[in-house]
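Take a look at the letters that make up each chain.
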Amino acid sequence: MKRLKYLLLLLPILVAGGCKKLDLAPTDRFSDLTFWKFSENVENALNNNYSGMYNSGLYFYNEALSDNAVSAREIVASGSFNSAHPGFLNDWGYYYSGIKSCNLFLTHVDENTSLPSTTIDRMKAEVRFIRAFHHFNLMKVFGDIPLINFDITPEQAQTIGRTPRATVAKFIVDELAEIATILPKKEATDNGRITKAAALALQARVLLYEGNRMAEVAAICEKLMNDQNTNGAYSLNPSYIALFNDLGVNKNNPETILSLQYVPNQRTWSEYFDFAPRSAGARTNNLAPTQELVNNYILLNGKNIEDPGSGYNENNPYVNRDPRLTATIVYDRYNWVNPNGTTQTIYIRPGSDPNQPGLNEYNPNGQGSVTGYYWHKYFDRTSVDNQFRSGLNLHLIRYAEVLLMYAEAKNSLGQMTEDVWNRTIRALRQRAGFTNAEALNYPGNTNMTETIRRERRSELAMEGFRTDDIRRWKIAEVVLNGYAHGARFGDPGIDNGYIRAERRQFDASKNYLWPIPAAEIALNPNLNPQNPNY
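What you see is a predicted model; the values in this text were computed from it and never measured.

**Description of the overall build of the protein chain**
Counting its regular elements, the protein chain contains 21 helices and 10 strands. Relative to the globule expectation of 24 Å for 534 residues, the C-alpha radius of gyration of the protein chain, 24 Å, shows essentially globular dimensions. Along the first, second and third principal axes, the C-alpha set of the protein chain runs to 85 × 50 × 50 Å. Here the contacts in the protein chain between residues at least 6 apart in sequence split such that 69% fall between residues at least 24 apart. Summing over all exposed atoms, the protein chain offers an accessible surface of approximately 22,100 Å²; the carbon and sulfur share of this is 50%. Averaging the coordinates of the 55 positive side-chain charges in the protein chain and doing the same for the 56 negative ones gives two points 1 Å apart.

Okay, here's the thing in structure tokens:
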């Protein structure tokens, strides 16, 4: 908790001696007494909270905590960790630093008298959203956490205890409901700003995670789907792949409700330097899609690869598949389009590249993908430098998620109908490029839970949802025990030739929560008791 530090670099207060008043503000620089009076400082403080809301590393590498991806830099999915693991401490410190910054803003922003009160109210609502988002991210993985909704002192930070998870969840849901009444709907100039729809959608996400409040989830989604005059007009963008790979569409489309904002050549992210095929200029591979994710994508006829009569051919596995597979994952003999418009075939099967040594070929001891797959989703073709610095925005909330939440909620309530299907799953598949009636028409409620979960996984892959989903569905002990696999380039006598990329372990008796970082408990014993079985 010592890490609940100021993110705003306020200049020191003038310390006066003798009988001079100690609250005398300096006239040649900002002080605690004058900082918030200047509107430019308030705007910068608000932007600081936005920039600290989330980052590209958390966004992408969260996939490695699930069965969607494997990363050599992530040991949590392998089960080889304890409360001293630095990743837990880093996440704890990151989110609580953000909460500190938000509380500092909310404590002092009313000292500004030059901005209109309506502007101040909106700013406060935006920062409350960010604070709720931080608390949600902490609550999901740590359970009971300190709920900090005011600016605490360093002394308080070292004595505060943990708040019951249910109380934290209620605080988050109530906050989002209240700020949704303050925030405006999206206008053309609001790209990147938190709006009414963002507050409602995050509220639905939190309630979905709770699992037992599906009627409320459905009601909120219906607001977003049916009352767009009040909450803002959103719809599915016509092209799925363009949302992630086309700079213009990525930044200006009808689907994005909230995204992390980046600017080419100014504020960028560069994780693709370790995601793309090596022949495309990547340095190495630090995040590889799994065969389990590839297997999730259905056939164009709507059948799963394991269904009788699906037409799936294990020896030619990537044909007639959900188009989102090609939009998301690079597989053997993939047609890769370079930033300059030229194309190259990505040879991944060992010994298949006509130009040896094959940079992308699977080699268990090489620098390439450990699964035989690379990423394509979020590849920025406008990035022309040699480190893949990208100005693409990273979507935090899309209208597609609203449709998926609605489908899941209605199904869990026993209210899935053809109309609900058509507005959600059918719409998503049509946008993806499906045309076969078997894939588009309402199939009845047979295996509907599995169908919705598959759809969610395919639609939202590489956007950080899968880890949360397997935890809230309580299937992590099923999908995270045993090997994460890669393509069929391995020993045919072991797992039918599918590469054993990483052995995973998940202990359901404890791993649904992370341990409170040991370093934090050492600073503040009131964070005890530790989460069970750590």
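**A closer look at the nonpolar core**
Core analysis: the largest hydrophobic core is formed by 143 residues, its most contacted members being Phe105, Phe129 and Tyr272. With 13 residues, the single largest contributor to this core is helix H4 (residues 117-142). When neighbours within four sequence positions are excluded, phenylalanine 129 is seen to be in contact with Met53, Leu176, Ile179, Ile194, Ala198, Ala199, Leu202, Leu258 and Ile397. Ile470, Leu480, Phe506 and Tyr512 belong to the second-largest nonpolar core, a separate cluster that totals 7 residues.

**Quick look at the pattern of salt bridges**
Any two side chains of opposite charge can pair, so long as their charged atoms come close to each other. Applying the stated criterion across every chain, the model contains 35 salt bridges. Glutamate 126 is the salt-bridge partner of arginine 122, the closest N and O atoms lying 3.3 Å from each other. Of this pair, arginine 122 and glutamate 126 are both found in helix H4, 4 residues apart, which corresponds to roughly one turn of the helix. We note that arginine 122, like glutamate 126, is buried. Here glutamate 255 makes a salt bridge to arginine 398, at a shortest N to O gap of 2.7 Å. One end of the pair, glutamate 255, is in the loop between helix H11 (247-251) and strand S2 (256-260); the other, arginine 398, is in strand S8 (residues 394-398), and 143 residues separate them in sequence. On the accessibility criterion, glutamate 255 (0% relative accessible area) is buried. For arginine 398, a relative accessible area of 2% gives the class buried. One salt-bridge network, held together by shared partners, links Glu255, Asp322, Arg324, Lys377, Arg398, Arg429, Arg431, Glu455, Glu459 and Glu463.

**Some words on the side chain of arginine 454**
Position of arginine 454 relative to the elements: it lies in helix H18 (residues 448-460). Here arginine 454 falls in the buried class, since its relative accessible area comes to 13%. Apart from the residues lying within four places of it in its own chain, the contact partners of arginine 454 are Asn295, Asn296, Asn304 and Glu306.

**Examining the pairing of strand S6 (residues 343-346)**
Of the two faces of S6, the one holding Gln344 and Ile346 is buried and the one holding Thr343 and Thr345 is not buried anywhere. Counting the residues that bridge the hairpin from strand S5 (residues 334-337) to S6 gives 5 residues, and of these glycine 341 lies at a positive phi of roughly 95 degrees.

**Examining unusual backbone geometry**
Excluding glycine, most residues fall at negative phi; most peptide bonds, likewise, are trans. With an omega of 0 degrees, the peptide bond between glutamine 356 and proline 357 qualifies as cis. Along the polypeptide, proline 357 turns up in the loop between S6 and strand S7 (374-375). Going from asparagine 528 to proline 529, the amide bond is cis rather than trans, its omega being 5 degrees. Relative to the helices and strands, proline 529 resides in the segment after helix H21 (518-523).

**Quick word on the confidence of the model for the protein chain**
Looking at the protein chain as a whole, its pLDDT mean stands at 93, while 94% of the residues score no less than 70. Ignoring residues within four places in sequence, the model shows residues 1-29, a span with pLDDT below 50, making 58 contacts including any to other chains.

**Topic: the side chain of aspartate 67**
Turning to its location among the elements, aspartate 67 is positioned in the loop between helix H2 (56-61) and strand S1 (69-70). A polar atom in the side chain of aspartate 67 sits 2.8 Å from the side chain of arginine 466.

**Re helix H7 (residues 196-210)**
Given a rise of 1.5 Å per residue, 15 residues ought to cover 21 Å, and the 22 Å separating the end C-alpha atoms of H7 matches this to within 8%. Across the 15 residues that make up H7, a large majority, 14, are buried. Taken from the residues just after H7, glycine 211 is the one with a positive phi, measuring 85 degrees.

**Some remarks on the packing of H4 against helix H6 (residues 165-180)**
Where H4 meets H6, the closest approach of the two axes is 10 Å, and the angle between their N-to-C directions is 155 degrees. When the interaxial angle is binned, H4 and H6 end up roughly antiparallel. The two elements H4 and H6 meet at a crossing, and its hand is left-handed. Together, Ala125, Arg128, Phe129, Arg131, Ala132, His135, Phe136 and Met139 of H4 and Arg165, Val168, Ala169, Phe171, Ile172, Glu175, Leu176, Glu178 and Ile179 of H6 make up the contact between the two elements.

**So, the packing of aromatic side chains**
Tallied over the full model, the rule gives 31 aromatic pairs. Taking the centre distance of 4.8 Å and the plane angle of 40 degrees together, the rings of phenylalanine 88 and tryptophan 514 count as tilted. You can see phenylalanine 88 sitting in helix H3 (residues 86-108) and its partner tryptophan 514 sitting in the loop between strand S10 (500-504) and H21, a full 426 residues away along the chain. The class for tryptophan 514 is buried, based on a relative accessible area of 8%. The lysine or arginine in question, arginine 429, covers the ring of phenylalanine 434, its NZ or CZ lying 6.0 Å from the ring centre. Stacked on the ring of tyrosine 512, the Lys or Arg lysine 474 has its end atom at 4.9 Å from the ring centre.

Rules of the game
Residues numbered from 1 in each chain as written. Predicted model: local features only at pLDDT ≥ 70, side-chain atom pairs only at ≥ 80, totals over all residues. Heavy atoms only, no water. Helix = DSSP H or I, 4+ residues; strand = E, 2+ residues; numbered from the N terminus. Rg over C-alpha atoms; globule rule 2.2 N^0.38 Å. Contact = heavy atoms within 4.5 Å. Areas by Shrake-Rupley, 256 points an atom, 1.4 Å probe, with all protein chains shown as cover. Lys, Arg positive; Asp, Glu negative; His and termini not counted. Charge placed at Lys NZ, Arg CZ, Asp CG, Glu CD. Core = buried A, V, L, I, M, F, W, Y, C linked by side-chain atoms within 4.5 Å. Buried < 20%, exposed > 50% of the residue type's maximum accessible area, 1.4 Å probe, protein only. Salt bridge = Lys/Arg side-chain N within 4 Å of Asp/Glu carboxyl O. Pairing = 2+ DSSP bridges. pLDDT = per-residue confidence, 0-100. Polar contact = N/O pair within 3.5 Å; in protein donor to acceptor, adjacent residues only side chain to side chain. Expected span 1.5 Å × (residues − 1). Axes fitted to C-alpha atoms, helices over the stretch in contact; angles between N-to-C directions. Parallel < 35°, antiparallel > 145°, perpendicular 65-115°, else oblique. Left-handed = near helix turned anticlockwise from the far one by under 90°. Phe/Tyr/Trp six-rings, centres within 6.5 Å; stacked < 30°, edge-to-face > 60°. Lys NZ or Arg CZ within 6 Å of the ring centre and 35° of its normal.

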